[in-house]
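Notes for the structure review
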Amino acid sequence: MVAVSTLAAVGSAIVVAGQTRAENAPAGAAGTRPGTVPTPVPAPLGPHSPLRDLAAGRGLVVGSAVDVPALSATPGYAAELGREFSSVTAESAMKWDAVEPVQGSPDFTAADTLVAFARTHGQVVYGHNLVWYQSLPDWLTNATLPDAQYGEVLRAHISAEVGHFRQAVWAWDVVNEPLAEDGSLRPDLWTSHLGPGYIADALRWAHDADPDAVLFLNEYGAEDVNAKSDGLYRLVRDLLAQGVPLGGVGFQLHLAPAGVPARLVENLRRFTALGLQVAITELDVRVPVPAAAGALARQAEVYLAAISACLAVPGCVSFTVWGFTDAVSWIPAAYPGYGQACLLDPTLAPKPAYWAVAGALRHAATATPP
Ligand code: G3I
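Here the structure is a predicted model, which is why all the values come from computation and not from measurement. (Residues numbered from 1 in each chain as written. Predicted model: local features only at pLDDT ≥ 70, side-chain atom pairs only at ≥ 80, totals over all residues. Heavy atoms only, no water.)

Let us now look at unusual backbone geometry. Glycine aside, negative phi is the norm for most residues, and most peptide bonds take the trans geometry. Put simply, H128 and N129 share a cis peptide bond, and its omega is -15°. The linkage connecting V289 with the following residue, P290, adopts the cis geometry, with an omega of -5°. Within the secondary structure, P290 sits in the loop between β11 (287–288) and α12 (295–311). If you check the backbone angles, Q167 has positive phi at about 70° while not being a glycine. Note that Q167 resides in the loop between α7 (147–164) and β6 (171–176). (Helix = DSSP H or I, 4+ residues; strand = E, 2+ residues; numbered from the N terminus.)

This part is about the site of the ligand. The full set close to the ligand counts 13 residues, and E91, K95, H128, S135 and E282 are the nearest of them. Here an oxygen atom of the ligand sits 3.5 Å away from a polar atom, N or O, in the side chain of S92. Between the ligand and H128 there is a distance of 2.6 Å, counted from an oxygen atom to a side-chain nitrogen or oxygen. Bound to the protein, the ligand loses 47% of the 800 Å² it would expose on its own. Split into classes, the residues belonging to the shell around the ligand amount to 3 nonpolar, 6 polar and 4 charged. (Near = heavy atom within 4 Å. Polar contact = N/O pair within 3.5 Å; in protein donor to acceptor, adjacent residues only side chain to side chain. Areas by Shrake-Rupley, 256 points an atom, 1.4 Å probe, with all protein chains shown as cover. Nonpolar A, V, L, I, M, F, W, Y, C, P; charged D, E, K, R; others polar.)

Turning to its location among the elements, L344 is positioned in the loop between β13 (338–339) and α14 (352–366). Through-space distance from the C-alpha of L344 to that of P106 is 34 Å; in sequence the pair is 238 residues apart. Among all residues touching L344, those that are not within four sequence positions of it are E80, F324, T325, D326, A349, P350, K351 and Y354. (Contact = heavy atoms within 4.5 Å.)

Per the stated rule, a full pass over the model turns up 9 salt bridges. For R204, the salt bridge identified is with D201, shortest N-O distance 3.6 Å. Of this pair, R204 and D201 both sit in helix α9 (residues 198–209), 3 residues apart, which is roughly one turn of the helix. Each of E181, E219 and K228 takes part in one network of salt bridges that share partners. (Salt bridge = Lys/Arg side-chain N within 4 Å of Asp/Glu carboxyl O.)

Now for the packing of α12 against α14. Where α12 meets α14, the axes come as close as 7 Å, and the angle between the chain directions of the two elements is 30°. One finds that α12 runs roughly parallel with respect to α14. Seen from above, α12 lies across α14 with right-handed handedness. Counted together, L296, Q299, A300, Y303, L304, I307 and L311 of α12 and P352, A353, A356, V357, A360, L361 and A364 of α14 form the full contact between these two elements. When grouped by side-chain class, the residues that make up the contact of α12 with α14 number 13 nonpolar, 1 polar and no charged. (Axes fitted to C-alpha atoms, helices over the stretch in contact; angles between N-to-C directions. Parallel < 35°, antiparallel > 145°, perpendicular 65-115°, else oblique. Left-handed = near helix turned anticlockwise from the far one by under 90°.)

This part covers the side chain of R286. Within the secondary structure layout, R286 lies in the loop between β10 (277–285) and β11. Buried within the structure, R286 lacks any salt-bridge partner; its nearest side chain of opposite charge belongs to D284, at an N-O separation of 5.1 Å. Residues within four places of R286 in sequence aside, it is in contact with H254, L255, A256, P257, I331, Y335, Y338, G339 and A341. (Buried < 20%, exposed > 50% of the residue type's maximum accessible area, 1.4 Å probe, protein only. Lys, Arg positive; Asp, Glu negative; His and termini not counted.)

Our focus in this paragraph is the state of the cysteines. Scanning the model with the defined rule gives 1 disulfide in all. In this model, C310 is linked to C316 through a disulfide, with the two sulfur atoms separated by 2.0 Å. Taking the torsion about the S-S bond as the criterion, the C310 to C316 disulfide, at about -100°, is left-handed. Residue classification places C316 among the buried positions, given a relative accessible area of 2%. You can see C342 has no disulfide; the closest cysteine sulfur is in C310, sitting 18 Å from it. Judged by relative accessible area, C342 falls into the buried class, the value being 0%. (Disulfide = S-S within 2.5 Å.)

The structure is reproduced here in C-alpha cells:
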C-alpha cells in the first residue's frame, strides 16, 4: 500500500511510501522494518535548484534542525528553510521540557508551529526526541518516585506526544543518546530506575501510539567503528531479535575540522544490513572563529565526505544538518572559540560547504545509475 501524502509541494513533493527503504537494503537484510519512509518525488533540476530538489533526485530527504522562535524572529530564516529543505527537526520544541513544563499540562504550541510550517512547505517532520537524559522538565528531574512510577510517567509521555503528532511526524528519535562512550548503557535516570528494558518499552509504546512512524535510536560519537558503535550494534541487534519495532539508527555527526570518521560508510552499512534505515541526523562542522583562510574550504570537504557517505549507503534515508545558518547555531555557546559550523553564513549566503553538498547531490541525481 502506498500512502501518498497530500503535503502541498514546493518544488519536490514528498510521497510517503508504504514500503521502507530497507527494501533497497543489501541482500541478507532482516527484511523491511515497520514504518513508512518518505520518498521525495524528483523535481526538474535547474542551475539554481535548492538542496531539497537535488536530493529528491536520489530519493533522499534533506533536512535541518529548526529553532522555532527564529522562524518569526530571524529575517529570511523561514524563507530559506522552506526553500532548501524537505525535512525539519525541532531543535528543542519537541523535547520533554518544552512539551510538558507542567506535569499533566502538555503544551505543543511551538511544536505545532513547526508542523504547520512543514505542511505549508511540503516538508516532512522528524521527531526529536522522546526519551533523553537531558532537557527533562524540572518536575521530573526533581522527583523522587518509586521505580515503577518512572515507567508509568515515561509511557504516558510517549503515548501523549506521539499520539498528538500521529501522521504528522514520519520518524521519531525515540531514545536519544542511550550509550556511554564505552558502548555500555549510559547510567542515567532511565537506566537507574527502569533498567535496560526501558529502551524496548519506549519503542513499543511509541509504535502503539503511531504504527506508521519509523522509530530510531539516535547517537553521537558512534559514527566510526569503535567501542560505542559496537555497543550500539549489539543493542539494536538484540532489540531486533526481541521483535521490538525499531526502524532505524540516527548518527548525529557533530564534527570538528578533523572530519568524517574513516569507517563511517562501513559502519552505516552494518546497520542497514540488519534491515534498518540509517540517517545522518545532526551534522555540523565547527571551526575556530574567526575562520582562518582555508578553514571554510576544509569545512566544505568535511560536509562533502558526510553527504557522500549517506549517498553511498542505500539505506541512508535522511540527511539533516543541525541548523543551516551560522546566525542560529548552538555551537558558539557549547564550544567557546568555535562557530561558523553551518552551510550558510549569518547573512544566509551559501558557504563553500553548501556548494559542496549541492554539487554532490546534483552529481548523484544526474549520474547514470550503475
Ligand atoms: O526555551 C528556553 C527559554 O525560554 C529560556 O529563556 C532560555 C534561557 O534559559 O533557555 C531556553 O531553552 C534552551 C533551549 O536550547 C532552546 O533554546 C535551553 O536552555 C538549552 O539548554 C537548549 O539547548 C539545546 C540542547 O540540545 C539541549 O536541549 C540546543 O539548542 C540544541 O542544539 C541541543 O541539541 C542536541 C540534540 O537535541 C541532541 N544531540 C546533541 C545536540 C547538541 O547538544
